[in-house]
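Structural overview
Here is what each chain is made of, one letter per residue.
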Amino acid sequence: MNPAIFSGTIPALMTPCKPDRTPDFDKLVEKARELIGLGMSAVVYCGSMGDWPLLTDAERMEGVERLVAAGVPVVVGTGAVNTRVAVAHAAHAQRVGARGLMVIPRVLSRGTVIAAQKAHFKAILAAAPDLPAVIYNSPYYGFATRADLFFALRAEHPNLVGFKEFGGNEDLSYAAEHITSKDDAVTLMIGVDTAVYHGFVNCGATGAITGIGNVLPREVLHLTALCQVAMTGDAEARRLAYELDSAMQVLSKVDAGPDLVLYFKHMMVLKGDEAYRLHFNETDVLSPSQRRFIEQQVALFDAWYADWSTQPHVMKYAA
């Protein structure tokens, strides 16, 4: 078990579609290899970005198997309505050689009941005891894991090594103060693109799981590099990290909304990747206004970054 998998910059992969709207696993592997080649430390599959509710269990497992076979370090999402299904995904991840688990709370059925969530988490962690795991805390799943539950689970399941916080700045601050700062063996992962600067600099995060990193991998790696230097007390790196994080905020903000996959796939197409043009549901489309808005924002950011990143004081911190 290697907890270091939860460090650096980790894109949450989207699932490309073939013309018949079935998963294109060849393109999935191709994108994962590309991102790892650029400097990403691992990938996540299948979280919200991977459209786990829209895939069959067999499709999700095939995606994991294909990534592992390609030599890609992969963290597996365990999202499921039924605990038995989540357990099956965890056991499969360990069996085929995945590197870690992203443990997602129980949804819909008894999702707000602490005892039910504890049993759900325990079953997943027990199914893959050799895989390091982080609990995924997200308001979209309707349950907030607090310190007492986290440490009760960790006492019985040493493979629980950290926390992925999707709730934003306030929740990241809570996690840092009450959970992940206890000792260096417990890691904090930033789980939303709008909170990268805050998570690293103000909360001591060890890594970030990113959506916009699929679209802007070099820029996000640059941001991570700046933040990590800023964590040492470097004033210039801190200022530059804040500038880049701020400039990326509009594009990052879609990560916190229900249309995140629609936006990110459209941005991928804008960047020339046709494999991301389709969605599993034909009716899942951005409105004309949404499309034009994000196109304008991508163009603005690209122009800004092209100018900003060539300034000598910026270039010395490039990833």
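Residues numbered from 1 in each chain as written. Predicted model: local features only at pLDDT ≥ 70, side-chain atom pairs only at ≥ 80, totals over all residues. Heavy atoms only, no water.

This part is about the overall build of the protein. Broken down by element type, the protein carries 13 helices and eight strands. In terms of overall size, the protein behaves like a compact globule, its C-alpha atoms giving a radius of gyration of 19 Å where 319 residues would be expected to give roughly 20 Å. Taken over the C-alpha atoms alone, the protein extends approximately 50 × 50 × 35 Å along its principal axes. Per-residue burial over the protein gives 55% buried out of 319 residues. Averaging the positions of the 28 positive and the 34 negative side-chain charges in the protein gives two centres separated by 3 Å. (Helix = DSSP H or I, 4+ residues; strand = E, 2+ residues; numbered from the N terminus. Rg over C-alpha atoms; globule rule 2.2 N^0.38 Å. Buried < 20%, exposed > 50% of the residue type's maximum accessible area, 1.4 Å probe, protein only. Lys, Arg positive; Asp, Glu negative; His and termini not counted. Charge placed at Lys NZ, Arg CZ, Asp CG, Glu CD.)

All right, on to the sheet that holds strand E2 (residues 43-44) then. If you trace the eight strands from one edge of the open sheet to the other, you get E1-E8-E7-E6-E5-E4-E3-E2, paired in parallel fashion. Across the chains shown, the open sheet's two edge strands, defined by having one partner strand only, are strand E1 (8-11) and E2. Bridge count between E2 and strand E3 (residues 74-77): two bridges; the pairing is parallel. What sits directly across from Val-44, in E3, is Val-75. Contacts from helix H4 (residues 114-127) reach strand E4 (100-103), strand E5 (133-137) and strand E6 (160-165) within the one sheet, and its direction differs from that of E4 by about 170°. (Pairing = 2+ DSSP bridges. Contact = heavy atoms within 4.5 Å. Axes fitted to C-alpha atoms, helices over the stretch in contact; angles between N-to-C directions.)

A few words now on the environment of Val-192. In this structure, Val-192 sits in the loop between strand E7 (187-190) and helix H7 (196-202). Residue Val-192 is classed as buried on the basis of its relative accessible area, which comes to 2%. A C-alpha to C-alpha distance of 9.5 Å links Val-192 and Ile-212, two positions 20 residues apart in sequence. Setting aside chain neighbours within four positions, we find Val-192 in contact with Glu-165, Phe-166, Gly-168, Ile-209, Asp-255 and Ala-256.

Per the counting criterion, the structure on display carries 11 aromatic pairs. Here Tyr-136 and Phe-166 contribute two aromatic rings whose centre-to-centre distance is 6.0 Å and whose plane-to-plane angle is 75°, an arrangement assigned as edge-to-face. Taken together, the residues span a long stretch of sequence, with Tyr-136 in strand E5 and Phe-166 in the loop between E6 and helix H6 (169-180) at a distance of 30 residues. Classification of Tyr-136 by relative accessible area gives buried; the value is 4%. (Phe/Tyr/Trp six-rings, centres within 6.5 Å; stacked < 30°, edge-to-face > 60°.)

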